[in-house]
Amino acid sequence: MMRRVWALAVVTCREGLRDRSLYGILLFALLVLGLNVAVAGFFMRQLGKVTVDMNLSALSFAGLLLVFFIGINLMAKDIDKKTIHLVLSRPFSRGEYIWGKFFGLVLLVLATLALLLVFSCATVATVRGLYPNYFDGFSWSIFFWAVLFIALQLMLLCAIVVFFSAITTSSFITLIFSMASYLVGITLEEVLFYLKSQAAQGEVIASESLQRLLEVVAWLVPNFAAFDFKTEAAHGLALDGVRLAVNAGYGVCYAALVLWLAALIFKRREFN
Amino acid sequence: MLDIQFSTINKTYKPGLFKKKVTALTEVSFSVTTGTVFGLVGPNGAGKSTTIRLLLNLSRPDSGTITVNRAPVTDRDFLRQVGYLPENPYLYDHLTLTELLRFAGAANGLPAAQIAERSALLARQTGIGHAMKRPLRTFSKGMRQRAGLCYALLHDPTLVILDEPMSGLDPLGRKMVCDLILDLKGQGKTVFFCSHILSDVERLCDALAILDRGRLVRTFSDGEMAAFRQGEASLEEAFVAAVSAQAEQGGAA
């Protein structure tokens with residue numbers, strides 16, 4: 001079983017790595033990193049924070065583009081163009097197909113992130129070398145933790161993409177639902193926090209039923225904000241080990257649950 | 001050895017949201033005996049590809065049962081012994097043929113050495129050895145068909161399912177496929193294939209079924225096929241007669 005899953009993951013990753021759009025995404029991310037070095041001198045005082053934040057944002061954004069514009073196609077195209085008939089005519093179970101595609105996407109994301117990370121480290125090291133006084137609180141270990149959590153966030157997003165690809169018939173619908181899940185997941189925690197803090201001050205912005213609804217949605221939609229450690233990395237704030245473990249565990253469990261559900265639904269799907 | 005049995009299969013599907021159901025197959029029953037070349041012919045839209053998809057469990061019948069060696073096709077174990085070439089196979093664009101075949105072999109649990117050996121043999125047989133390292137997106141239609149054949153046959157399957165295998169092939173390619181089918185037959189394998197080209201069907205098949213508008217209108221036994229091969233009767237005439245009779249029945253209804 002593992003050999004089949006691995007074989008499909010490798011094929012999926014290869015297809016993604018050879019997609020020309022990937023070069024565009026890489027070029028864009030490298031331009032942002034290069035721009036960082038070029039304009040670093042304009043950000044006096046906050047230079048170190050801006051550099052770290054800009055680097056992590058470039059990695060995160062490149063990863064999002066990769067998952068949304070290459071990742072979605074890797075599964076949806078299989079179904080659209082009926083390549084899936086060839087794959088499922090082999091002794092693949094539907095569940096193995098789902099896991100194979102997921103691991104393929106994750107491999108693609110990790111390979112791309114690893115490449116960008118090399119350039120990102122070079123950028124940070126260059127700017128740090130040019131302006132050492134502005135990097136007092138900077139810590140490489142916190143920076144790498146933040147990158148690791150970007151990878152975890154993208155892994156969860158891959159699971160969401162596979163889930164929507166498994167239940168919809170069009171790559172466009174998958175793109176819309178995946179993007180919506182990401183946008184809701186990245187902002188909802190902040191919205192709820194704001195509503196609660198306003199309510200504590202006696203100011204009611206949203207009705208109680210709307211707040212309840214948002215709380216229910218917060219349980220259903222993955223909390224992508226839980227993987228964002230850019231602020232900690234930029235300011236060199238110490239990371240809480242328990243928080244890291246809980247958030248990582250949350251991501252892995254959520255992804256596993258979503259993939260299990262995807263496999264369950266995909267098993268019932270017909271390919272006409 | 002794989003015996004296939006279709007028993008009173010009905011299949012409808014919805015072509016899209018808010019669209020009416022379309023009947024693909026009605027009360028279709030037939031069987032395929034191990035070691036024979038079985039042909040399924042019919043006009044466009046007759047339900048041939050649907051029949052294959054049901055056999056491969058890519059789609060499920062509304063009613064009726066499909067069994068392979070008396071086990072339902074939902075037990076996917078039999079797929080280890082199946083090789084499938086779809087009509088107009090769409091292969092992974094950015095892979096090379098070598099990588100595709102490595103994937104096919106790994107999916108069936110073949111060791112790397114056997115994959116390399118079978119790949120080389122099939123590439124030689126299908127005449128595509130020169131393109132093993134080229135991305136599949138650069139292949140012409142005929143080359144894709146040959147690559148699809150290599151993919152289907154890599155694990156030396158007992159049951160080979162071919163959907164329009166001659167599609168897009170030049171005369172040499174058609175001859176190659178015919179020789180390949182006869183070779184498989186010689187090895188005692190079961191070949192299930194759909195085609196529009198009656199001369200190929202006549203030459204290759206031991207048994208034949210004609211589908212028209214989702215109904216099985218006629219089957220031909222080995223003896224009847226032998227009569228076609230010896231020129232004692234014409235398959236084309238028999239085909240036209242069977243389909244016309246079905247059209248008249250449909251019109252009368």
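Just so you know, these numbers come straight off a predicted model, no measurement behind them.

### Concerning the overall build of chain A
The secondary structure content of chain A amounts to 10 helices and 0 strands. Listed N to C, the secondary structure of chain A is α-α-α-α-α-α-α-α-α-α in terms of helices and strands. Against the compact-globule benchmark of 19 Å for 272 residues, chain A has a radius of gyration of 20 Å, which places it among compact chains. The proportion of buried residues among the 272 residues of chain A is 42%. Of the contacts formed within chain A by residues at least 6 apart in sequence, a portion of 86% connects residues at least 24 apart.

### Quick look at the sheet that holds strand 2 (residues 22-32) of chain B
Spatially, the 4 strands line up as an open sheet ordered 2-1-4-5 (chain B), and their pairing is antiparallel. One side of each edge strand has no neighbouring strand; the edge strands of this open sheet are strand 2 and strand 5 (71-72) of chain B.

### So, the pairing of strand 6 (residues 82-85) of chain B
All names here are of chain B. Where burial is concerned, the two faces of strand 6 agree: the one with Val82 and Tyr84 and the one with Gly83 and Leu85 are both buried. Here strand 6 pairs with strand 7 (residues 159-163) via 4 bridges, running parallel. For Val82, the partnering residue across the bridge sits in strand 7 and is Leu159.

### A closer look at helix 6 (residues 140-167) of chain A
The first and last C-alpha atoms of helix 6 of chain A sit 41 Å apart over 28 residues, in line with the 40 Å expected at 1.5 Å per residue. Of all 28 residues in helix 6 of chain A, 21 are buried, a share of seventy percent or more.

### What about the sheet that holds strand 6 of chain B?
Strand pairs in the sheet, formed through backbone hydrogen bonds, run parallel or antiparallel to each other. Residue and element names in this part refer to chain B. Reading across the sheet, the 6 strands line up as 6-7-8-3-9-10 and stay open at both edges, with mixed pairing between neighbours. The outermost strands of the open sheet, each flanked by one partner alone, are strand 6 and strand 10 (215-220). Averaged over all neighbouring strand pairs, the angle between strand axes comes to 15 degrees, with direction disregarded. Its contacts with the sheet place helix 1 (residues 48-55) against strand 3 (37-41), strand 7, strand 8 (190-194) and strand 9 (207-212), and it is angled at close to 150 degrees to strand 7.

### Side note on the confidence of the model for chain B
Residue and element names in this part refer to chain B. Of the residues in chain B, 98% reach a pLDDT of 70 or more, and the chain-wide mean stands at 87. The least confident element of chain B is helix 8 (residues 235-252), whose mean pLDDT is 75; the most confident is helix 2 (residues 97-107), at 93. As a predicted assembly, this complex carries a pTM of 0.89 together with an ipTM value of 0.87.

### Quick look at the interface of chain A and chain B
In this assembly, 22 residues from chain A lie in contact with 26 residues from chain B. Of all the secondary structure elements, the ones that give two or more residues to the side of chain A that touches chain B are helix 1 (2-17) and helix 4 (83-88) of chain A. The greatest single-element share of the side of chain A that touches chain B, amounting to 6 residues, is contributed by helix 1 of chain A. A breakdown of the residues in the side of chain A that touches chain B according to their chemical character gives 7 nonpolar, 5 polar and 10 charged.

### Observations regarding the nonpolar core
One finds Val109, Cys158, Ala159 and Val162 of chain A together with Cys150 of chain B to be the most contacted residues of the largest nonpolar core, which totals 150 residues. Ranked by the residues each element gives to this core, the list is headed by helix 6 of chain A, at 19 residues. Among residues more than four places away in sequence, those in contact with Val162 of chain A are Met75, Ile98, Lys101, Phe102, Leu105, Leu259 and Ala262 of chain A.

### Observations regarding the pairing of strand 4 (residues 63-68) of chain B
Residues and elements named next belong to chain B. With 5 bridges joining them, strand 1 (residues 4-13) and strand 4 adopt antiparallel strand pairing. Within strand 4, the position partnered with Ile4 by the bridge is Val68. Where strand 4 lies against strand 5, 2 bridges are found, and the strand directions are antiparallel. Paired with Thr67 across the bridge in strand 5 is Pro72. Hairpin connection, strand 4 to strand 5: the antiparallel pair is bridged by 2 residues, and Asn69 has positive phi, about 55 degrees.

Procedures and definitions
- Residues numbered from 1 in each chain as written.
- Chains lettered and ligands numbered in written order.
- Predicted model: local features only at pLDDT ≥ 70, side-chain atom pairs only at ≥ 80, totals over all residues.
- Helix = DSSP H or I, 4+ residues; strand = E, 2+ residues; numbered from the N terminus.
- Rg over C-alpha atoms; globule rule 2.2 N^0.38 Å.
- Buried ≥ 20, exposed ≤ 12 C-beta atoms within 10 Å, placed from the backbone.
- Contact = placed C-beta atoms within 7 Å.
- Pairing = 2+ DSSP bridges.
- Expected span 1.5 Å × (residues − 1).
- Axes fitted to C-alpha atoms, helices over the stretch in contact; angles between N-to-C directions.
- pLDDT = per-residue confidence, 0-100.
- Nonpolar A, V, L, I, M, F, W, Y, C, P; charged D, E, K, R; others polar.
- Core = buried A, V, L, I, M, F, W, Y, C linked by C-beta atoms within 7 Å.

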